[in-house]
Amino acid sequence: MKLLKSSFSIIKHHAGATDAAKNKEKTYSSYNKTTRQQNSGLILNYNSIFSCEGLAILLAISQFCNDLTDYIILTDSLSVLKSLENIKNKSPRMTSFIQQKLALFQNVIKSLELVWIPRHVGIPENEQADSLTREVHTSQALKCIPPEDIYKYIKKETTGKNCKEWKLCKYFTHLESINLFITAIHLTQNGRSLLLRFRTGIFPTKEKHPKYGLNTSPNCPSYVEYVLVENVELILFHCKEFSQF
């Protein structure tokens, strides 16, 4: 298997091309010039463009490469080809899928070259694949999501939900500048955890001691003359002991 050839001869090969795009929805396509086979469709929006491009290559190998002959597949995704050249333990899962497919097809075909080409330079195979990508007529998305894309989506959704809850929190108007503070310094993991506890009101103040079965008083020791329960709000806004900070 050869990757990233700078020059190639389509005449001697069964030639095909792949493409992916993100318009309103993410789409992929593959086109085989020799057999006139073509394939295109939607892919779930949770996927990255990298995964879409990789999926198009994976499907092209699976559907077009089935004879003992020479094949060449054109793609404008340099990132996928670079990833295939330098596979590591932490490489994207789509790269591993393509590598496994290439290994399976080694005894089925004579040779396969994956070739990078720039976009829109007049290569017919590439232009046909690009056209297929823009003209997908289906509402059924292919249910394929690599683990790293799921993780990124969940992280994005969770972060957005946490930010929304923080803005609705009663402390937000008093501590709105805390977001600027976080971006201005580099907190350790413990520091971020401590800050999160403050922001969500679950910092282990003395107010929670009875809940944990502790017999110590839940009151703030700074106020001897009258009883004030030590909670997050007291520490942040009223307690004399912490006012210097």
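Parameters at a glance
- Residues numbered from 1 in each chain as written.
- Predicted model: local features only at pLDDT ≥ 70, side-chain atom pairs only at ≥ 80, totals over all residues.
- Heavy atoms only, no water.
- Helix = DSSP H or I, 4+ residues; strand = E, 2+ residues; numbered from the N terminus.
- Buried < 20%, exposed > 50% of the residue type's maximum accessible area, 1.4 Å probe, protein only.
- Salt bridge = Lys/Arg side-chain N within 4 Å of Asp/Glu carboxyl O.
- Axes fitted to C-alpha atoms, helices over the stretch in contact; angles between N-to-C directions.
- Parallel < 35°, antiparallel > 145°, perpendicular 65-115°, else oblique.
- Contact = heavy atoms within 4.5 Å.
- Nonpolar A, V, L, I, M, F, W, Y, C, P; charged D, E, K, R; others polar.
- Patch = residues over 30% accessible without salt bridge, like charges linked within 9 Å, V, L, I, M, F, W, Y side chains within 5 Å.
- Areas by Shrake-Rupley, 256 points an atom, 1.4 Å probe, with all protein chains shown as cover.
- Lys, Arg positive; Asp, Glu negative; His and termini not counted.
- pLDDT = per-residue confidence, 0-100.
- Core = buried A, V, L, I, M, F, W, Y, C linked by side-chain atoms within 4.5 Å.

Caption draft 1: Seen up close, the environment of tyrosine 151. Position of tyrosine 151 relative to the elements: it lies in helix H5 (residues 147-168). The class of tyrosine 151 is exposed, set by a relative accessible area of 54%. For the pair formed by tyrosine 151 and tyrosine 46, sequence separation is 105 residues and the distance between their alpha carbons is 9.7 Å.

Caption draft 2: Molecular detail of the pattern of salt bridges. Under the definition given, this model contains 3 salt bridges. Two residues, glutamate 53 and arginine 119, come together in a salt bridge whose shortest N-O distance is 3.9 Å. With a gap of 66 residues between them, glutamate 53 in helix H1 (residues 49-64) and arginine 119 in the loop between strand S6 (111-116) and helix H4 (124-134) connect regions that are remote in the sequence. On the accessibility criterion, glutamate 53 (2% relative accessible area) is buried. The residue arginine 134 makes a salt bridge to aspartate 130 at a minimum N-O spacing of 2.9 Å. Here aspartate 130 and arginine 134 lie together in helix H4, a separation of 4 residues that amounts to about one turn. Of the residues examined, arginine 134 reaches a relative accessible area of 52% and is grouped as exposed. Owing to a relative accessible area of 11%, aspartate 130 belongs among the buried residues under this scheme.

Caption draft 3: Geometry of unusual backbone geometry. Positive phi outside glycine occurs at arginine 36, with the angle close to 65°. Mapping arginine 36 onto the fold places it in the loop between strand S3 (26-32) and strand S4 (38-43).

Caption draft 4: Structural context of the packing of H1 against helix H2 (residues 78-85). Where H1 meets H2, the axes come as close as 9 Å, and the angle between the chain directions of the two elements is 75°. Comparing the axis directions of H1 and H2 gives the class roughly perpendicular. Facing H1, whose interface residues are Phe50, Glu53, Gly54 and Ile57, H2 presents Ser79, Val80 and Ser83. Split by residue class, the contact of H1 with H2 holds 3 nonpolar, 3 polar and 1 charged.

Caption draft 5: Molecular detail of the environment of leucine 84. Its location among the elements puts leucine 84 in helix H2. On the basis of relative accessible area, leucine 84 is assigned to the buried category, the value being 10%. Between the C-alpha atoms of leucine 84 and serine 96, which are 12 residues apart in sequence, the distance is 8.1 Å.

Caption draft 6: Structural detail: a nonpolar patch on the surface. Among the surface-exposed residues, Tyr46, Ile150, Tyr153 and Ile154 lie close enough to one another that they form a single nonpolar patch of about 360 Å² accessible area. Looking at where tyrosine 153 falls in the secondary structure, it is placed in helix H5. The exposure class assigned to tyrosine 153 is partly exposed, which follows from its relative accessible area of 33%.

Caption draft 7: Structural context of the side chain of lysine 26. Residue position: lysine 26 is located in strand S3. For the buried lysine 26, no salt bridge exists, and the shortest N-O distance to an oppositely charged side chain is 7.0 Å, to aspartate 149. With near-sequence residues (within four places) excluded, lysine 26 lies in contact with Ala21, Gly41, Leu42, Ile43, Leu44, Asn45, Asn47, Ser48, Ile49 and Cys52.

Caption draft 8: Local environment of the confidence of the model for the protein chain. In the predicted model, the protein chain carries a mean pLDDT of 77, and 81% of its residues have values of at least 70. Mean pLDDT values for the elements of the protein chain range from 46 in strand S1 (residues 2-3) up to 90 in H2. This model gives residues 1-12 a pLDDT under 50, and the stretch forms 29 contacts once residues within four places in sequence are excluded.

Caption draft 9: The nonpolar core, seen in detail. By size, the foremost hydrophobic cluster in this structure holds 27 residues, and its most contacted members are Ile61, Ile98 and Leu112. Those elements giving two or more residues to this core turn out to be H1, strand S5 (70-75), H2, helix H3 (93-104) and S6. Ignoring sequence-local partners within four residues, the contact set of isoleucine 61 consists of Ile73, Ile98, Lys101, Leu102, Phe105 and Leu112. In this structure, Ala15, Ile72, Ile123 and Ala129 belong to the second largest nonpolar core, which totals 8 residues.

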